[in-house]
Amino acid sequence: MTEKVMPLAERLAALEQVERGLVRGASGVLTTGVNLTVVDTFILGAIKRTLSQSLAFRTLVKGWNFSSAAVMVRTQLDTAMRINGIRYMTDMEANIADIFYGRTTYRNLRSKDGQKMTDAYLKQKLTEEHAWVGPFYDELSDFVHLSFRHFWPVLAGTNDGEKTAYIAIHGEDPKKDEANYYDVTDGFTRVTTLTSMLLVSFLMVRHNVAPTDYKSIWGVEEEEEGTEPTDAPA
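Bear in mind the structure is a predicted one, so any value in this text is a computation, not a measurement.

Here is what the cut-offs are and how they apply
Residue numbers restart at each chain and count upward from 1, following the sequence in its written direction. Only residues with pLDDT of at least 70 get local features here, since the model is predicted, and only at 80 or more are side-chain atom pairs given and counted; chain-wide, interface and lining totals rely on the full set of residues. The basis for every side-chain value is the complete set of non-hydrogen atoms in the structure, without hydrogens or water. Think of a salt bridge as a Lys or Arg side-chain nitrogen and an Asp or Glu carboxyl oxygen that are within 4 Å of each other. We count a stretch as a helix when DSSP gives it H or I for four or more residues in a row; a strand needs E for two or more, and each element gets its number in order from the N terminus. Type-normalised accessible area, obtained with a 1.4 Å probe on protein chains alone, sets the label of each residue: buried when under 20%, exposed when over 50%, and partly exposed for intermediate values. Pairing of aromatic rings covers Phe, Tyr and Trp, the last through its six-membered ring, and needs centres within 6.5 Å; plane angles under 30 degrees mean stacked, over 60 mean edge-to-face, and all others mean tilted. Charge-over-ring contacts are defined here by two conditions on Lys NZ or Arg CZ: a distance within 6 Å of the ring centre and an angle within 35 degrees of the ring normal. Note: pLDDT gives the predictor's confidence per residue, expressed from 0 to 100. Here a residue-residue contact requires only that any non-hydrogen atoms of the pair lie within 4.5 Å. In this analysis, axes come from line fits to C-alpha atoms, helices being fitted only over the stretch in contact, and the angle between any two N-to-C directions falls in the range 0 to 180 degrees. Each angle gets one of four labels, with under 35 degrees taken as roughly parallel, over 145 as roughly antiparallel, 65 to 115 as roughly perpendicular, and the rest as oblique. Asp, Glu, Lys and Arg are counted as charged, while Ala, Val, Leu, Ile, Met, Phe, Trp, Tyr, Cys and Pro are counted as nonpolar; the rest, among them Gly, fall into the polar class. By definition here, a helix of n residues has an expected span of 1.5 Å times n minus one. Buried Ala, Val, Leu, Ile, Met, Phe, Trp, Tyr and Cys residues form a nonpolar core when they are joined through side-chain atoms within 4.5 Å. Nitrogen and oxygen atoms within 3.5 Å of one another constitute a polar contact, given that in protein one can donate a hydrogen and the other can accept it, and given that sequence-neighbouring residues count only through two side-chain atoms.

Asks: Tell me what's going on with the pattern of salt bridges, and back it up with residues and numbers.
Replies: Inspection of every chain in the model, using the stated rule, returns eleven salt bridges. Put simply, arginine 74 and aspartate 78 hold a salt bridge, and the shortest N to O gap is 3.8 Å. Highlighted residues: arginine 74 and aspartate 78, both in helix α3 (residues 66-85), separated by four residues, approximately one helical turn. Take arginine 74 and aspartate 78: they sit in the same class, and that class is buried. Residues glutamate 93 and arginine 206 are paired through a salt bridge, measuring 3.0 Å at the closest nitrogen-oxygen approach.

Asks: How would you summarise the packing of aromatic side chains if you had to cite specific residues and measurements?
Replies: Counted according to the given criterion, the structure contains six aromatic pairs. Between phenylalanine 57 and phenylalanine 188, the ring centres sit 4.1 Å apart and the planes meet at 0°, which makes this aromatic pair stacked. Of this pair, phenylalanine 57 sits in helix α2 (residues 38-62) while phenylalanine 188 sits in helix α7 (residues 182-206), and the two are 131 residues apart along the sequence. Summarising the burial analysis for this pair, phenylalanine 57 and phenylalanine 188 share the class buried. Joined through ring pairs, the aromatic side chains of Trp64, Phe66 and Tyr181 make up one cluster. The positively charged end of arginine 82 is found above the aromatic ring belonging to tyrosine 106, 5.6 Å away from the centroid. The ring of tryptophan 132 is capped by arginine 190, whose NZ or CZ atom sits 4.1 Å from the centre of that ring.

Asks: Account for the confidence of the model for the protein chain, with residues named and values stated.
Replies: Mean pLDDT over the protein chain: 82, with 73% of residues reaching 70 or higher. Contacts from residues 217-234, a stretch scored under 50 in pLDDT, to residues over four places away or in other chains number 46 contacts.

Asks: I'd love a proper account of the packing of α3 against helix α5 (residues 119-129), names of residues and values included.
Replies: Between α3 and α5, whose axes approach to 9 Å, the crossing angle comes to 80°. As judged from the angle between their axes, α3 and α5 are roughly perpendicular. Listed contacts from α5 to Leu77, Ala80, Met81, Arg82, Asn84 and Gly85 of α3 are Asp119, Leu122, Lys123, Lys125 and Leu126. Looking at the contact of α3 with α5 residue by residue, the class counts come to five nonpolar, two polar and four charged.

Asks: Kindly report on α7, identifying the contributing residues and their values.
Replies: Under the 1.5 Å per step criterion, the end-to-end length of α7 is 36 Å for 25 residues, consistent within 8% with the ideal 36 Å. Taken across its 25 residues, α7 has 21 buried, putting it largely inside the fold. Once α7 ends, the next one or two residues include asparagine 208, with phi positive near 55°.

Asks: Just give me the short version of the side chain of serine 54, but keep the residues and values in it.
Replies: You can see serine 54 is positioned in helix α2. By relative accessible area, serine 54 is classed as buried at 0%. Not counting chain neighbours up to four residues away, the residues in contact with serine 54 comprise Leu15, Glu19, Gln76, Phe188 and Thr192.

Asks: Can you lay out the nonpolar core for me, pointing to particular residues and giving the numbers?
Replies: Residues Ile43, Phe57, Val73, Leu77, Met117 and Leu126 are the most contacted members of the largest nonpolar core, which totals 53 residues. Mapped by element, the contributors of at least two residues to this core are α1 (8-29), α2, α3, α4 (92-100), α5, α6 (133-144) and α7. By residue number, the principal contributor to this core is α7, which donates twelve residues. If near-sequence neighbours (up to four positions away) are discounted, isoleucine 43 is found in contact with Ile86, Leu199, Phe202, Leu203 and Arg206.

Asks: Please set out the environment of threonine 79 residue by residue, giving values where relevant.
Replies: Topologically, threonine 79 is positioned in helix α3. For the pair formed by threonine 79 and leucine 199, sequence separation is 120 residues and the distance between their alpha carbons is 9.5 Å. Apart from the residues within four sequence positions on either side, threonine 79 is in contact with Ala46, Arg49, Thr50, Gln53 and Thr195. A polar side-chain atom of threonine 79 sits 2.6 Å from a polar atom in the side chain of arginine 49.

See the structure below:
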């Protein structure tokens, strides 16, 4: 029996569901009367960035712009890494305040174990809990930097008989096969789901709404490389 393949429109709808889950989750914590600190402000900024990037990704995919959409996967993962990194700061309120007022940058902070909080360090820490993150992050370098992955949108078609290739020099990809967008859309949804979990869970913990283990909050088991994305936050 052939497994039914989810169309691109349904994959994008699933991504919108993740966005709505993030908004509902954050709104459920940040009710009237909640006192906010600079760390909360940082998290709120990350929520806005996550939602904005998700909207941009959907717009780019609908506009047949693979090259730009693919870059968004990496930037979304960067958000997850930095939010997760808050856990390893020596003094999150003071450290975030220093970033907020321009006294330092994230990568120049020192973690509790004395390491600089570079992208490599943040990737390592997130990979310790989600094994798929490290290999996926490395693979995304092909999307961010010019590579073979940017070739297929240029090829508009071929004529074997005439031994001719047709090249499209245009900002919009040739509308050939939406399946070319399946993997990048699934990857973006997976990263956005993880980012949303981290963001809402941090807010919950900070405001005594949930236990300190965000995995128990969301019912997430350890994910291995190649597993399917988790369900969207409710």
